[in-house]
Amino acid sequence: QYSTDIKHVTGVNNSPADALSRIEAVLKCSIKPADMASAQDNDQQLQDLLESTTSNLRLQRLQVDNCTLYCDTSSGKIRPYVPADLRFGVFQHFHSISHPGGRATARIIADRFVWPFMQRDIKLWVRQCHPCQSSKVNRHEKTPLTAFLKPDDRFAHVHIDVVGPLPTSHGQSYMLTCVDRFTRWIEAIPMADQTAITIAHAFFDNWIARFGSPLYLVSDRGRSFQSSLFRDVATLLGIELRFTTSYHPQCNGLVERSHRSIKAALMSRLGDSRERWYEELPIVLLGLRSVFK
Ligand SMILES: [Zn+2]
């Protein structure tokens with residue numbers, strides 16, 4: 001016998017569909033071409049630019065989704081001109097995904113849109129962003145040059161670290177962050193605790209199963225990483241463990257920076273509802289991976 005009940009699943013319970021629709025939202029700007037076209041008609045700055053003989057922009061009317069929009073083609077890409085009224089909305093749309101810094105946010109937006117002095121506007125808005133101000137304490141910190149400057153092979157050197165304890169979310173309180181030195185591919189795996197067995201399982205199931213065993217696994221001298229269990233697992237898989245020394249902790253600077261940016265991006269996105277980090281982690285990782293390193 002078959003049940004024919006069809007139940008409505010709300011966004012809260014239906015998390016895979018919810019996540020998918022949010023990913024779509026991330027990839028596509030919510031501003032409609034028709035709204036942009038009518039705003040362009042009323043934008044004085046655009047009229048001035050069209051009459052200007054000194055502007056570097058090459059503006060021409062092009063068909064975008066059944067609308068005719070002024071777009072710049074000087075960079076080899078078709079970038080719609082954003083009228084003054086819509087600029088902050090475009091900024092918020094792209095910045096709020098994972099709250100990247102000023103330069104990264106400007107790069108993401110300048111890839112898709114154009115307006116005069118956009119770099120200046122975007123950097124100013126990032127400096128004024130409240131979630132960024134409250135969670136990125138160390139954003140001006142520069143990581144010193146390290147011995148690791150020449151990556152040689154994809155997924156050969158993997159840097160790992162543990163972030164936490166975080167507010168318990170779906171029974172998880174820690175994250176194992178893994179960064180490939182060559183591709184900068186980043187993973188953050190939720191964990192219930194930070195014991196050697198949990199870390200070994202998390203790394204095997206989520207990294208080795210997908211990318212294979214690295215030649216070298218770089219970590220700090222945390223107790224779990226130095227435990228005999230962790231060493232045995234590594235030996236079994238042919239992985240050489242390398243520990244950053246207390247004299248040169250900056251050798252792990254790459255993952256230090258990456259795991260800090262995961263945590264900062266998560267906290268920026270969550271605001272007061274920090275116990276939702278488990279649900280928000282995939283979208284924050286998507287945002288971080290889209291930022292060119
Ligand atoms: Zn921000």
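Residues numbered from 1 in each chain as written. Predicted model: local features only at pLDDT ≥ 70, side-chain atom pairs only at ≥ 80, totals over all residues. Heavy atoms only, no water.

Caption draft 1: Highlighting the coordination of the zinc ion. For the zinc ion, every protein donor is listed as H95 (NE2), H99 (ND1), C129 (SG) and C132 (SG), and the spread of their distances is 2.0 to 2.3 Å. Seen from the zinc ion, its 4 donor atoms lie at angles of 100 to 119°, and the figure they make is tetrahedral. Judged by relative accessible area, which is 1%, C132 ranks as buried. (Donors = N, O, S within 2.8 Å, 3.2 Å for Na, K, Ca; no water. Tetrahedral: all angles 85-135°; square planar, octahedral: opposite > 155°, others 65-115°. Buried < 20%, exposed > 50% of the residue type's maximum accessible area, 1.4 Å probe, protein only.)

Caption draft 2: Region of interest: empty space enclosed by the protein. One pass over the full model with this rule turns up 1 cavity of 30 Å³ or more. Size it by volume and the largest cavity reaches roughly 70 Å³. Forming the boundary of the largest cavity are A200, F203, F204, I208, L217, F230, V233, A234, L237 and I239. For the lining of the largest cavity, the elements supplying multiple residues, two or more each, are α8 (196-211) and α10 (228-237). Its residues placed into classes, the lining of the largest cavity shows 10 nonpolar, no polar and no charged. (1 Å grid on protein atoms, 1.4 Å probe; cavity = no way out; pocket = protein on both sides within 12 Å on 5 of 7 lines; lining within 4 Å. Points joined across faces, edges and corners; volume = space filled by probe spheres on them. Helix = DSSP H or I, 4+ residues; strand = E, 2+ residues; numbered from the N terminus. Nonpolar A, V, L, I, M, F, W, Y, C, P; charged D, E, K, R; others polar.)

Caption draft 3: Spatial organisation of the sheet that holds strand β3 (residues 79-80). In space, the 3 strands of this open sheet follow the order β1-β2-β3, with antiparallel pairing throughout. The strands lining the two open edges of the sheet, one partner per strand, are β1 (59-64) and β3. Judged from the 2 bridges that link them, strand β2 (residues 67-72) and β3 form a sheet pairing that is antiparallel. For C71, the partnering residue across the bridge sits in β3 and is P80. (Pairing = 2+ DSSP bridges.)

Caption draft 4: Local environment of a positive patch on the surface. A cluster of basic side chains, namely R103, R107, K123 and R127, defines a positive patch on the protein surface. Sorting the residues of the positive patch by element identifies α5 (102-110) and α6 (118-128) as the ones contributing at least two each. Judged by relative accessible area, which is 33%, K123 ranks as partly exposed. (Patch = residues over 30% accessible without salt bridge, like charges linked within 9 Å, V, L, I, M, F, W, Y side chains within 5 Å. Areas by Shrake-Rupley, 256 points an atom, 1.4 Å probe, with all protein chains shown as cover. Salt bridge = Lys/Arg side-chain N within 4 Å of Asp/Glu carboxyl O. Lys, Arg positive; Asp, Glu negative; His and termini not counted. Charge placed at Lys NZ, Arg CZ, Asp CG, Glu CD.)

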